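Now for the letters of each chain:
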Amino acid sequence: MPAALPPTALPTYFLSHGGGPWPFMKDQYNGHYDRLEASLQDIPRQIAVTPRAVLVVTAHWEGPEFLISASARPPMIYDYSGFPAHTYDIVYPAPGAPQLAERVKALLDGAGQPARLDPERGFDHGTFCVAYPIYPDASVPVVQLSLKRGLDPLTHVEAGRALAPLRREGVLILGSGLSYHNLRQFGPGGAEASHRFDDWLRQSMALAPAERLSRLLEWERAPAARAAHPREEHLLPLMVALGAAEQEAAATVYHEDDFFGALAVSSFRFG
């Protein structure tokens, strides 16, 4: 299907991207990721148009300023360890979009958020493990945006605000992280913290925009916040997705209470 500009602004998403290269390990996971996969596969139906490109804000990339992948043919980054040998041969052959990368840089620079193009950056698993279920034929170009070191929530909301015009230009903005990310308690030991934080997060999404923003900017005050996110890099893509659709309603598009047997995790759509 050829890309077409949407009649209205595309929604933005914060996606809990799962662990490691899970879409390429179905034999090993025996259906464990079926609900997450189904939620990602449903995104094309939800947006009802093939986007011109996808901009992924990835939790797996940080820089002293915002960095933007600018390769026309991005390589692969296997940023995980201990997985089967075949997962180090994965190729997600979506093209890059250098012109979109330039546009992203111009929007960020113009908003006082200095950004730099990276012509070498490849697709990390936070990108290809959400892009593959959504667009398995890899026909939609993909550009990645890093987080900015310091991980200040407001800085990332402001970046999202700067990028909001892309939504009317046919660009689908995906924040790829995980709503619970404490690898030392990734199982039954993290159950209570993940459920307390996820309950707070989903309740926050239902609030009016101003109150929702206020709560998320002070996310460290949430129940079990630091138990859920000892370091917040997997939460920060949410701030960009929110900022790009700040005044619009949020919906939970994926939720599990038993992720890895015990954890609560969620994904959200704005707009």
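Everything below is about the structure printed above this text.
Residues numbered from 1 in each chain as written. Predicted model: local features only at pLDDT ≥ 70, side-chain atom pairs only at ≥ 80, totals over all residues. Heavy atoms only, no water.

1. Here's the deal with the packing of aromatic side chains
Okay, so step 1: If you walk through the whole model with that rule in mind, you get 18 aromatic pairs.
Okay, so step 2: Relative to Y132, the ring of F24 has its centre 4.7 Å away and its plane inclined at 35 degrees; by these criteria the two rings are tilted. Placement of F24 in the loop between β1 (12-16) and α1 (26-29) and of Y132 in helix α5 (residues 125-134) is noted, with a sequence separation of 108 residues between them.
Okay, so step 3: Looking at Y132, the relative accessible area reads 29%, which means it is partly exposed.
Okay, so step 4: Between the aromatic rings of Y33 and F260, the centroid separation amounts to 6.4 Å while the plane-to-plane angle is 80 degrees, which identifies the pairing as edge-to-face. Of this pair, Y33 sits in the loop between α1 and α2 (34-41) while F260 is found in the loop between β7 (250-259) and β8 (263-270), placing the two residues 227 residues apart along the sequence.
Okay, so step 5: Residue classification places Y33 among the buried positions, given a relative accessible area of 4%. (Phe/Tyr/Trp six-rings, centres within 6.5 Å; stacked < 30°, edge-to-face > 60°. Helix = DSSP H or I, 4+ residues; strand = E, 2+ residues; numbered from the N terminus. Buried < 20%, exposed > 50% of the residue type's maximum accessible area, 1.4 Å probe, protein only.)

2. Quick notes on the pattern of salt bridges
Okay, so step 1: Going through the model one piece at a time under the given rule, you end up with 17 salt bridges.
Okay, so step 2: A salt bridge links E256 to R35; its shortest N-O distance comes to 2.9 Å. In this pair, E256 is assigned in strand β7 and R35 in helix α2, connecting sequence segments 221 residues apart.
Okay, so step 3: Classification of E256 by relative accessible area gives buried; the value is 1%.
Okay, so step 4: A relative accessible area of 46% means that R35 is categorised as partly exposed.
Okay, so step 5: With a closest N to O distance of 2.7 Å, D109 and K105 form a salt bridge. Placement of both D109 and K105 in helix α4 (residues 98-110) is noted, with a separation of four residues, approximately one turn of the helix. (Salt bridge = Lys/Arg side-chain N within 4 Å of Asp/Glu carboxyl O.)

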